[in-house]
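# A look at the structure
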Amino acid sequence: MSLRLKLLLLVAIGIGASVASVAFLIEERAHEAFRRIEQERTSTLINQFRREFDHEGEDIVHAVEAIASSDAMERDAMELNNGADVANFMNETAPYAQAQRLDFLDLIAPDGAIISSAHWPARFGYKQRWFLNGAPVPQQPFLKHVETPQGSVLALLCIRTVRAHGSNYYLIGGRKLDAVLQALSPPQGLRVSIYSAPEQGTGEFLGPARDSLDPAKLMPLIQKAMDQHSEASSTLDWDMSHESIIHAIPLAGYSDRVPGVLLVGNSLNQELSLERRIRDVSLVIAGVGVFLGIVLTALLTGRISRPIRKLAEAAGEIGQGNWDIRVNASSSDEIGRLAAAFNRMTEELAGQRERLVQTERVAAWRELARRLAHELKNPLFPLQITVENLLRARENTPEQFDEVFRESAATLLAEIANLKTIIGRFSDFSRMPAPRFQRVDLNELVRSVVQLFQGQLKRETAKIETEVELGEVPAVSGDPVLLRRAIENLVLNAIDAMPNGGKLSFRTRAGGSSAVLQISDTGKGLTREECDRLFTPYYTTKQHGTGLGLAIVQSVVSDHHGRVTVSSKQGSGAAFEMELPLASASSALEDPADDPKAFSAGAGE
Amino acid sequence: MKRLLSRSAAASSLVLVLLLAGHASSRPRYGGTVHILLHDRVNWIDPAAEEDSPAARDRIASLVFETLTTADQRGQVHPLLATSWSSDLSKKIWQFRLRLANFHEGSPLTAADAVAALANNPFAWKVTAGDRQTVDIESTTPVPFMPEVLAQKTLAIVKRLADGTLAGTGPYRLSQWQAGEHATLTANEDYWGGRPYADAIDFQMGVSLRDQILQRQLGPGSLAEVGLDQLHALEQGNQNLSVTQPADLLVVLFLQPDSAAGGTGKKPVDPRVREAFSYAVNRSAISNVILQKRGAIATGLLPQWLTGYEFLFPSRDNPDHARELRADTAALVIIPPISLAYNYADPVAKLVAERIAVDAREVALNVQPYGESHLYKGPRSAVHADAVLLRLPLSSTNPSSALSSLLERLDAPQQSIASALSASRPEELFDIEQKALEDFRIVPIAHVAEAVWLSNSIHNWQQLPNGMWNLDQLWVEGAR
């Protein structure tokens with residue numbers, strides 16, 4: 001990743017993180033503010049409900065008291081007490097209930113039997129004894145479920161006694177709690193309902209939103225409030241689409257049992273909407289900020305990183321061998337000083353390299369001179385001796401001169417031939433021919449080389465065994481003459497490495513897109529340093545080597561776009577691996593005499 | 001002298017007028033209009049047609065259309081359009097001799113008219129004309145009380161005219177008809193029995209008497225049907241009331257969904273549940289409180305005062321037994337709620353149905369009452385209820401005729417209806433009733449009286465014990 005890109009990323013992350021932090025803080029503050037408002041609104045609504053509840057309770061008390069104290073009701077009680085037929089009073093309560101707008105009104109006999117029921121006329125005669133438990137009749141209104149034909153209904157009730165000559169008749173009147181809910185005017189976003197929990201049967205929700213409530217979601221909260229007799233809150237979906245904070249407040253009833261739970265739901269829509277807006281605005285700000293930041297940073301970093309990029313490019317050029325490259329060091333800042341230092345360093349390095357090349361060239365010439373001196377000195381000495389012998393024989397023993405001359409001439413010819421061989425090797429190395437590529441069966445080539453050397457190996461005093469393990473190898477692309485020469489050099493090298501005999505092994509195998517030939521010996525092996533320098537021209541570990549054999553091998557393999565490696569362990573022989581690219585299918589049709597460059601191109605290099 | 005004579009004549013005339021006025025309240029007078037306020041609404045006056053309020057319809061129709069026979073207050077059958085009748089010994093073939101009478105449009109009554117009217121009788125009798133004035137009725141089973149049966153209002157002789165209108169022979173003719181709202185009948189001047197006293201009878205339907213009861217004042221020349229729940233207030237106001245014997249049968253009929261016809265897909269209520277239901281109902285409370293002691297507990301189909309044997313049926317008010325039966329049944333099957341339909345226009349039926357639901361609730365049976373608009377009209381299979389609460393009028397003061405009519409309305413098998421028509425002895429009728437009640441498909445609740453509130457200017461009001469009105473002798477005070 002470039003420095004400029006890093007800087008851009010850093011700036012973008014920085015801006016994004018800053019905006020996110022600010023947005024988070026704003027959101028948290030807004031959240032807190034909403035919570036405060038929500039608590040205030042809920043508290044206000046609950047207080048309003050309590051006021052309406054008390055007001056409705058007082059209204060009911062007044063209504064029931066008005067009925068109980070009316071002359072007509074007192075007359076009814078007297079008549080009933082005097083043994084009047086209760087059948088005549090069956091419909092007595094309905095007009096009273098209608099006049100006083102009561103949803104429920106029962107006239108109860110002293111024994112608890114219903115004489116008249118406004119809301120359920122058919123229930124006459126059945127006993128209502130829940131309030132006749134010896135305790136004083138409550139004077140305050142209370143919540144209780146009232147049985148109706150449609151089921152149990154949560155009602156705000158009041159009991160009053162109508163006395164008739166020592167007998168107590170009772171009036172129980174009340175209204176549905178829905179009326180209290182309907183009197184409420186919750187502000188927008190607030191919803192209110194009551195869960196009615198009858199002693200038997202399933203509960204129901206009261207209020208305008210009762211049909212949209214989801215009992216499965218609300219019941220755990222309601223049950224918690226009922227069990228603990230205290231308020232419980234939770235964030236739930238009030239209905240299908242409104243996530244709300246819901247407060248469940250248990251309502252006290254006639255007994256210890258909670259008959260209903262007030263539910264106040266404060267919609268989080270506004271808060272969620274604001275949070276969404278903050279998020280959206282933050283995203284826009286962050287996006288714009290990051291964009292501007294990237295643009296500005298790109299401009300700034302362009303100014304900063306351009307000299308550095310130039311330096312990097314110059315360094316790359318130097319790496320590729322262009323030592324003449326220089327960078328502009330016009331500025332006086334750190335980058336300018338760095339550029340000047342780079343230029344100085346480049347000049348210094350170029351100078352050092354020049355000197356090093358000069359030194360290496362001198363060393364190479366010295367090595368060549370040493371090698372040539374050494375190689376030429378050996379045949380020259382016999383030549384000198386032979387010529388001196390000829391001179392001595394002419395002067396001292398002329399009669400044997402002819403014989404000596406013949407012997408000396410043979411020697412001279414042999415040594416001259418030796419000299420020519422040496423010179424020819426050097427000449428060959430300097431004039432390595434370009435390979436003429438064709439499809440070559442590597443295994444066949446190895447077999448022919450092994451066969452060629454079989455005779456020589458048998459003549460060797462030390463016994464050298466051969467082992468040939470040739471695998472399934474496709475044809476390789478190469479010049480069979482040069483490859484044969486390279487293999488022969490490796491074989492000769494191995495034979496030289498085993499003066500006391502050993503085993504010479506040939507192995508071939510296919511390896512991906514190439515074929516591998518391994519030639520290993522069981523000689524004394526090579527040191528690590530020897531391995532590193534083995535393919536250097538004129539380097540040899542042998543007494544009479546020219547140091548060109550393995551250099552030729554590497555040259556040939558390199559010309560074939562292959563690779564040659566050596567692995568060895570001191571004392572346990574060495575193994576040379578020659579890796580050659582396989583011939584392509586199309587190359588089968590190529591003329592072996594084609595230009596090798598055409599092959600290279602065909603090989604995809 | 002002349003002047004003296006004229007003064008004497010004037011004085012004599014005045015005395016005569018005063019004398020006549022003194023007798024006015026006790027002697028029938030022609031003229032005037034009687035206003036009748038009906039609680040129910042009648043949509044079609046045809047006596048043979050199905051109607052949501054058949055009793056109210058019969059009250060209007062009986063003034064326009066006449067039957068072959070009629071019954072008096074003691075239940076004795078008398079000639080009406082038939083002057084005489086006879087039967088063979090088997091009581092299967094009956095012959096009725098028609099009187100000379102004219103239909104309202106002027107045509108004379110003939111045997112062919114009677115045959116046409118009775119052709120679609122519910123008992124599948126074969127009705128033929130013997131001669132111009134003789135009608136032969138042949139039944140496959142003996143019908144010993146054929147004249148009493150023919151007094152049923154649904155068997156009135158109605159002539160269907162080409163223009164679709166109906167003509168009768170009754171003392172009043174239909175002059176104005178507004179279905180469900182209003183009907184005006186005017187006196188038939190050519191009535192074979194003589195012109196009726198009142199010029200017209202005006203029926204107002206669907207009337208609520210709330211205001212009149214509160215003021216305890218009914219208009220002059222008016223009479224009104226009143227509910228039993230309204231009686232107490234009127235009695236306290238010393239109003240002129242006429243209350244019949246408890247004649248109408250209040251009964252719960254468990255419906256048999258007709259699976260063959262596709263039906264409603266509902267299953268009939270289990271017989272054990274029906275039995276528990278029967279024992280759960282507190283008939284005493286219904287009779288004493290809801291029916292204001294103007295009803296009687298029904299253990300059979302016909303009332304005790306008519307048959308004398310109803311007391312032999314065991315009382316079913318036993319909630320403990322109902323609870324046991326219900327528990328035993330619940331151990332074997334799941335008991336679904338029982339939907340009970342009642343006539344939504346009948347406040348007493350509503351109250352009784354709700355009371356039945358309360359009583360059933362006490363024995364853990366779930367009965368769900370609801371109002372149905374067409375309980376008496378159309379096929380019962382159209383009613384989507386498990387049971388219906390019916391108020392069936394006593395169609396005849398003859399037990400055999402009344403029972404056959406009740407059984408027909410309770411969807412009893414034709415064999416039972418035929419048996420009721422054939423029965424001549426009380427023990428036979430008792431057996432038929434007992435058999436009809438044994439599977440608890442029919443659960444009698446109460447016999448209900450009918451009450452009428454009359455203004456003091458109405459005279460000669462006659463009501464049969466079974467609740468039927470006889471208005472042909474009705475006259476209004478101060479008419480002429």
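Throughout this document, residue positions are counted from 1 along each chain, in the order its sequence is written. Lettering for chains starts from A, numbering for ligands starts from 1, and both go in the order in which the items are written. Predicted model: local features are reported for residues with pLDDT of at least 70 only, side-chain atom pairs are reported and counted for 80 or more only, and whole-chain, interface and lining totals are derived from all residues. The side-chain figures draw on all heavy atoms in the structure; neither hydrogens nor water molecules are used.

## Focus: the pattern of salt bridges
Residue and element names in this part refer to chain B.
- By salt bridge we mean one thing: a side-chain nitrogen of Lys or Arg within 4 Å of a carboxyl oxygen of Asp or Glu. Scanning all chains against the criterion turns up 33 salt bridges over all chains.
- Here R195 ties to D199 by a salt bridge, and the two come within 2.5 Å at their closest N and O atoms.
- A relative accessible area of 24% places D199 in the partly exposed class.
- Between D359 and R355 there is a salt bridge, with the nearest N and O atoms lying 3.3 Å from each other. In this pair, D359 and R355 are both assigned in helix 11 (residues 347-362), 4 residues apart and thus about one turn of the helix distant. Comparing D359 with R355, the two get one shared label, buried. Exposure categories follow from relative accessible area, calculated using a 1.4 Å probe and restricted to protein chains: below 20% of the type maximum is buried, above 50% is exposed, and the middle band is partly exposed. Counting from the N terminus, the helices are DSSP H or I runs at least four residues long and the strands are E runs at least two residues long.

## Remarks on the side chain of D479 of chain A
All names here are of chain A.
- Relative to the helices and strands, D479 resides in the loop between strand 13 (476-478) and helix 10 (480-497).
- Counted as positive: Lys and Arg. Counted as negative: Asp and Glu. His and the chain ends are not counted at all. For the buried D479, no salt bridge is present, and the opposite-charge side chain at shortest range is R436, 6.0 Å distant.
- The contact criterion used throughout is that any non-hydrogen atoms of two residues lie within 4.5 Å. Residues in contact with D479, not counting those within four places in the same chain, are A434, P435, R436, F437 and H560.

## With respect to the packing of aromatic side chains
- Centres within 6.5 Å make a pair out of two Phe, Tyr or Trp rings, where for Trp the six-membered ring is used; the pair is then stacked when the planes are under 30 degrees apart, edge-to-face when over 60, and tilted otherwise. Taken as a whole and assessed by the stated rule, the structure comprises 20 aromatic pairs over all chains.
- Where W461 of chain B meets W469 of chain B, the ring centres are 5.2 Å apart and the plane angle is 70 degrees; that geometry is what we call edge-to-face. Take W461 of chain B and W469 of chain B: they sit in the same class, and that class is buried.
- Linked through ring pairs, W130, F131, F142, Y170 and Y254 of chain A together constitute an aromatic cluster.
- The positively charged end of K144 of chain A is found above the aromatic ring belonging to W130 of chain A, 4.6 Å away from the centroid. Whether a charge sits over a ring comes down to the Lys NZ or Arg CZ being within 6 Å of the ring centre and within 35 degrees of the ring normal.

## Focus on the packing of helix 7 (residues 271-280) of chain B against helix 10 (residues 319-332) of chain B
All names here are of chain B.
- Lines fitted to C-alpha atoms define the axes here, with helix axes fitted over just the stretch in contact, and angles between the N-to-C directions of these axes take values from 0 to 180 degrees. Running from amino to carboxyl end, helix 7 crosses helix 10 at an angle of 160 degrees, the nearest separation of the two axes being 8 Å. Put simply, helix 7 runs roughly antiparallel to helix 10. Taken as a pair, helix 7 and helix 10 cross one another with a handedness that is left-handed. When helix 7 is examined against helix 10, the residues R272, V273, E275, A276, Y279 and A280 are found in contact with a partner set consisting of P319, H321, A322, L325, R326, T329 and L332.
- Partitioning the contact of helix 7 with helix 10 into residue classes produces 8 nonpolar, 2 polar and 3 charged. Angle categories: roughly parallel below 35 degrees, roughly antiparallel above 145, roughly perpendicular from 65 to 115, and oblique for all the rest. Should the near helix be turned counterclockwise from the far one by less than a right angle, the crossing is left-handed, whereas a clockwise turn marks it as right-handed. Residues are grouped as follows: Ala, Val, Leu, Ile, Met, Phe, Trp, Tyr, Cys and Pro are nonpolar; Asp, Glu, Lys and Arg are charged; all remaining types, including Gly, are polar.

## A closer look at the domain arrangement of chain A
Residues and elements named next belong to chain A.
- Where each domain starts and ends comes from a domain assignment, either automatic or drawn from a database. Once the domains are mapped, chain A shows domain 1 (69-178), domain 2 (186-267), domain 3 (326-431) and domain 4 (433-602).
- Taking the mean C-alpha position of each, domain 1 and domain 2 sit 30 Å from one another.
- Each partner contributes to the interface: domain 1 provides 11 residues, whereas domain 2 provides 13 residues.
- The term buried area denotes the loss of accessible surface (1.4 Å probe radius) that occurs when two parts are joined, taken as the sum for both partners. It is L143, H145 and L154 in domain 1 that bury the most area against domain 2; as a group they hold 45% of the surface buried on that side.
- Counting across the interface, domain 1 meets domain 2 through 0 salt bridges.
- Elements represented by at least two residues in the side of domain 1 that touches domain 2 include exactly strand 3 (142-148) and strand 4 (151-164).
- Here the element with the most residues in the side of domain 1 that touches domain 2 is strand 3; it accounts for 4 residues.
- Here the side of domain 1 that touches domain 2 is composed, by residue class, of 7 nonpolar, 2 polar and 2 charged.

## A closer look at the confidence of the model for chain B
All names here are of chain B.
- Each residue carries a pLDDT score, the predictor's confidence in it, ranging from 0 to 100. For chain B, the average pLDDT comes to 86, and 92% of its residues sit at 70 or higher.
- Counting interchain partners and residues more than four positions distant, the pLDDT-below-50 stretch residues 1-5 has 0 contacts.
- Here residues 14-24 is modelled with pLDDT under 50, and outside its nearest four sequence neighbours on either side it reaches 4 contacts, counting other chains as well.

## Describing the environment of S457 of chain B
All names here are of chain B.
- With respect to the element layout, S457 can be found in the loop between strand 21 (451-454) and strand 22 (458-459).
- In this structure the C-alpha to C-alpha distance between S457 and V34, which are 423 residues apart in sequence, comes to 9.5 Å.
- Discounting chain neighbours no more than four positions away, the residues touching S457 are P220, G221, W475, V476 and E477.

## Regarding helix 10 of chain B
All names here are of chain B.
- In this analysis, the expected span of each helix is defined as 1.5 Å times one less than the number of residues it contains. The end-to-end C-alpha distance of helix 10, which contains 14 residues, comes to 20 Å, matching closely the 20 Å that a straight helix rising 1.5 Å per residue would cover.
- For helix 10, the set of buried residues is A322, L325 and T329. Burial along helix 10 is one-sided: seen end-on, the buried residues are contained in an arc of 65 degrees. Along helix 10, exposed side chains directed more than 90 degrees from the buried face belong to D328 and A331.
- Next to the buried residues of helix 10 lie helix 7. Directions from the helix axis toward the C-beta atoms define the arc.

## Section: the environment of Q456 of chain A
- Along the polypeptide, Q456 of chain A turns up in helix 9 (residues 442-459).
- Sequence-wise, Q456 of chain A and A68 of chain A are 388 residues apart; in three dimensions their C-alpha atoms are separated by 143 Å.

## Points about the interface of chain A and chain B
- Listed per partner, the contact involves 12 residues of chain A and 15 residues of chain B.
- Between chain A and chain B, roughly 1,400 Å² of surface is buried when both sides are summed, and carbon and sulfur atoms account for 57% of that area.
- On the chain A side of the contact with chain B, A122, F124 and Y126 of chain A bury the most area, a combined 37% of that side's loss.
- Run the count over chain A and chain B and you get 2 salt bridges.
- K293 of chain B is paired through a salt bridge with D85 of chain A; the nearest N and O atoms lie 2.7 Å apart.
- For the purposes of these results, a polar contact is taken to be a pair of N or O atoms within 3.5 Å, where, inside protein, one atom must be able to donate a hydrogen and its partner to accept one; residues adjacent in sequence count only when each atom of the pair is a side-chain atom. Where chain A packs against chain B, one counts 7 residue pairs in polar contact (both at pLDDT 80 or more).
- When the residues that make up the side of chain A that touches chain B are grouped by side-chain class, the tally is 7 nonpolar, 2 polar and 3 charged.

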